[in-house]
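Chain by chain, the residues run as shown.
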Amino acid sequence: MSAYCSRWTLRFLNRLCVSGLAKTNNKHVQHFSSQTSPSVQVCIVGSGPAGFYTAQHLLKNVINTFTQTAHLERCEFFGNVTIGSDITMEELKMAYHAVILCYGAEGSRSLGVPGEKLSGVYSAKDFVGWYNGLPANKDLNPDLSSDAVVILGQGNVALDVARILLSPVELLKKTDITQASLDSVAASKIKRVVIVGRRGPLQVACTIKELREMVNLPGTKPVLDRRDFEGIKDALKDIARPRKRLTELLMKVAMEEPSGRDAERWAAASQEWSLRFLRSPIKILPTADGKKVAGIRFAVTTLEGSGENAKAVLTGQEEEVSCGLIVSSIGYKSLPIDDGVPFDETQGVIPNDMGRVCQTPGLYCSGWVKRGPTGVIATTMNDSFETARCVLEDIDSRVLDCSMAKPGHHALRGLLEKRGVTPVSFSGWEKIDALEVTRGDEIGKPREKLLDVQEMLQLARA
Amino acid sequence: SNRRRPALTAEPIPSSLDRAAVSCNALFRTAGTRLVGGKTRRDAPNTATPHKRAIRTPQSQIIINVVFVDRSGQRIPVKAKVGDNALHLAHKHGIDLEGACEASLACSTCHVYVSDAFYDKLPEPDEREEDMLDMAPLLQENSRLGCQVILTPELDGIELTLPKITRNFYVDGHKPASH
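Residues numbered from 1 in each chain as written. Chains lettered and ligands numbered in written order. Predicted model: local features only at pLDDT ≥ 70, side-chain atom pairs only at ≥ 80, totals over all residues. Heavy atoms only, no water.

Participant: I'd like to hear about the nonpolar core, residue by residue, with values.
Facilitator: Considering soluble globular proteins, one finds that nonpolar side chains tend to be buried as a cluster. Membership of the largest hydrophobic core comes to 50 residues, with the highest contact counts inside it found for Phe127, Ile151, Val193, Ile195 and Trp273 of chain A. Ranked by the residues each element gives to this core, the list is headed by helix 6 (residues 156-166) of chain A, at seven residues. (Core = buried A, V, L, I, M, F, W, Y, C linked by side-chain atoms within 4.5 Å. Buried < 20%, exposed > 50% of the residue type's maximum accessible area, 1.4 Å probe, protein only. Helix = DSSP H or I, 4+ residues; strand = E, 2+ residues; numbered from the N terminus.)

Printed below as a string of structure tokens:
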């Protein structure tokens, strides 16, 4: 059971500004003249894994946890600063030699079907934000009293939602899930969670660790239809290892009788979850009074082509499922940050080549805003290192002109002060962190998160 | 390409940590036996000859040689204590091996390649490690997670190479197409 919900993000500080001084190391200094060369000023926008891994690789030669990185003399943390309202991209570009955008994906893809706005329909982004304690989602208050839930999408986030809805309270209460969500889940009446995908078993977007955790979830039973797996075995022969192992696990659950402890658990289970394939949502159905969700209508699809590129095409058949809660988990989406920063609306990313933003010298990006909202921590780590390497290469080769000194965070502070914006320093963040951990200690959790931004700011500035 | 290791089995396999605990217990029992009826010299090498009582260094004191090869190809020889895991060892010596989940088998950032001569001397990875290795870019037949490589005397001379970072970031080696 994962004990961390939002371990990697300084989650209440979207769009904040981590200002990192990347003083060139000895290798780079040799390229400069004998006069003292100005230190290179770099600004990183976003303090999630992408931001921190990029910072780490720029300030290299030391192993750092994110906390250690933030403590480095050459690294300055500015929380609670919003690009656009508190500071502009133009001002950052003037104050720093390089600006690296690592602000992730704070939007989500919409279904584009009627009924999407009914009460009881949530984006996974908001639902996950709710149980993870994002202040913006603290009042979500989802109704968990119906017995059936439909989750649209079959990625790791979809499985995470299912996991939270179905996990025994004894396990959840030892995690950093918010107390309010824990109470909600504890009181819920959910018996059945259906996780729906438009394509087939060979196209599920989740990965094996998360699937295995669901298969082994105490008090629950997985329900897979063996008919969905006919003919799949032959396709396994030539596919890559990760997909192969994942599919083998799905097939085992779908087609083999459970043995030993699994058999006992499934027989005794009071809750079930299932994966349903080849179903594409076309309409969300309201209750008689038109106010809440009552169900969902699907078009039945079939696959054209195979493997990762298989496409779902309509068959003309339709199917309806009753439910009292729908969570749409079809992808996060990045948003454009500023008119001066190119943005590809179709792909939902900043157009770039290896992290160098197209047609905009001095601007870089890493993480989800660079390559799209997929992948695990190792993916983001590698991606951030690639961007950092490009920045260092550009400094080295003078593609990035660092011969003129730039004011860096001094300019930033000046502008923020003028505007009456008080940023949160890293030690301010640490005060919030310390209080959350203390509160968690009192009730046997890793932390109990503060949900109110004003409370956080008061504490940070105390 | 697929690794030649057998796929997951139905039975739960004890984790490497469990195995390490078992082998530590075995070491203590062995050390206890040797201590009975005689002195043990801490720095004595393992010299078991028929006419002499064997004098052995307690396993936890044995130092072995490990070579890390970093991403730029630089070889970094270090000394390690038996029982140490390769991730902690790397951190002790400032080697740039990330351990995002702090050895809890929840990520693949400590992915290393084990030199061929030593790969088979390691106990097989359990299911949970295999699951995480699935996520490692540039997976090879000799891939392991550094946090699961527990150093034993027979691993003296092992080389652990950090995978190079490339553009190909997708966890199963391809780019997803829209559907």
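Participant: Describe in detail the UniProt feature "binding site: NADP(+)" (unreviewed entry) in chain A, supporting the description with residues and values.
Facilitator: Residue and element names in this part refer to chain A. As annotated by UniProt and renumbered to match this structure, "binding site: NADP(+)" (unreviewed entry) occupies Gln154, Gly155, Asn156, Val157, Arg198, Arg199, Glu210 and Gly375. Position of Gln154 among the secondary structure elements: in the loop between strand 7 (148-152) and helix 6. Residue classification places Gln154 among the buried positions, given a relative accessible area of 8%. For Gln154, the side chain forms a polar contact with the main-chain oxygen of Ile195, separated by 3.1 Å. In this structure, Arg199 sits in the loop between strand 8 (192-196) and helix 9 (208-215). (UniProt positions renumbered as here; feature names shortened; annotations may be inferred. Polar contact = N/O pair within 3.5 Å; in protein donor to acceptor, adjacent residues only side chain to side chain.)

Participant: Could you give an account of the environment of Glu320 of chain A, naming the residues involved and the relevant values?
Facilitator: All names here are of chain A. If you trace the backbone, Glu320 turns up in strand 13 (residues 311-322). Along the backbone, Glu320 and Thr379 are 59 residues apart, and their C-alpha atoms lie at a distance of 38 Å. Sequence-distant contacts of Glu320, that is, excluding residues within four places in its chain, are made with Leu285, Ile296 and Arg297. Only 2.9 Å separates the side chain of Glu320 from the side chain of Arg297, close enough to count as a polar contact. (Contact = heavy atoms within 4.5 Å.)

Participant: Before we move on, can you summarise the packing of helix 2 (residues 49-58) of chain A against helix 14 (residues 377-396) of chain A with the specific residues and values?
Facilitator: Two packed helices can be described by the angle between their axes and the distance between those axes. Residue and element names in this part refer to chain A. Put simply, helix 2 and helix 14 touch, their axes get as near as 8 Å, and they point 45° apart. Judged on the interaxial angle alone, helix 14 and helix 2 are oblique. The handedness of the crossing between helix 2 and helix 14 is right-handed. Contacts from Pro49, Ala50, Tyr53, Thr54, His57 and Leu58 of helix 2 reach helix 14 at Ile377, Thr380, Met381, Ser384, Phe385, Ala388, Arg389, Val391 and Leu392. Across the contact of helix 2 with helix 14, the residue classes break down as ten nonpolar, four polar and one charged. (Axes fitted to C-alpha atoms, helices over the stretch in contact; angles between N-to-C directions. Parallel < 35°, antiparallel > 145°, perpendicular 65-115°, else oblique. Left-handed = near helix turned anticlockwise from the far one by under 90°. Nonpolar A, V, L, I, M, F, W, Y, C, P; charged D, E, K, R; others polar.)

Participant: How would you sum up the sheet that holds strand 9 (residues 220-223) of chain A? Please name residues and give values.
Facilitator: Residues and elements named next belong to chain A. Strands sit in the order 6-14-7-8-10-9 across an open sheet of six strands; the sheet is parallel. The open sheet has two edge strands, strand 6 (121-123) and strand 9, and neither has a second partner. When strand polarity is set aside, the average angle formed by the axes of neighbouring strands in this sheet is 20°. (Pairing = 2+ DSSP bridges.)

Participant: So what about the pairing of strand 4 (residues 98-101) of chain A? Which residues, and what values?
Facilitator: All names here are of chain A. Burial along strand 4 is two-sided: Ala98 and Ile100 and Val99 and Leu101, pointing in opposite directions, are all buried. Note that strand 2 (residues 40-45) and strand 4 share four bridges and pair parallel. From the neighbouring strand, Val42 faces strand 4, where its bridge partner is Ala98. For strand 4 and strand 18 (residues 363-365), the ladder comprises three bridges, and the chain directions are parallel. For Val99, the partnering residue across the bridge sits in strand 18 and is Leu363.

Participant: Describe the sheet that holds strand 1 (residues 63-69) of chain B, listing the residues and the values that go with them.
Facilitator: Residues and elements named next belong to chain B. Judged by pairing direction, the sheet is mixed, and its five strands sit side by side in the order 2-1-5-3-4 without closing on themselves. With partners counted over all chains shown, the strands left at the sheet margins are strand 2 (75-81) and strand 4 (143-145), one partner each. Strand-to-strand twist in this sheet, taken as the mean axis angle between neighbours without regard to direction, amounts to 35°. Relative to strand 4, strand 3 (residues 111-114) is paired through three bridges, and the arrangement is antiparallel. Bridge pairing in strand 4 places Val112 opposite Arg144.

Participant: Account for the confidence of the model for chain B, naming residues and giving values.
Facilitator: Looking at chain B as a whole, the pLDDT averages 73, with 61% of positions reaching at least 70. Looking at the elements of chain B, mean pLDDT is at its lowest for helix 1 (residues 16-35) of chain B, recorded as 35, and at its highest for strand 5 (residues 158-161) of chain B, recorded as 98. (pLDDT = per-residue confidence, 0-100.)

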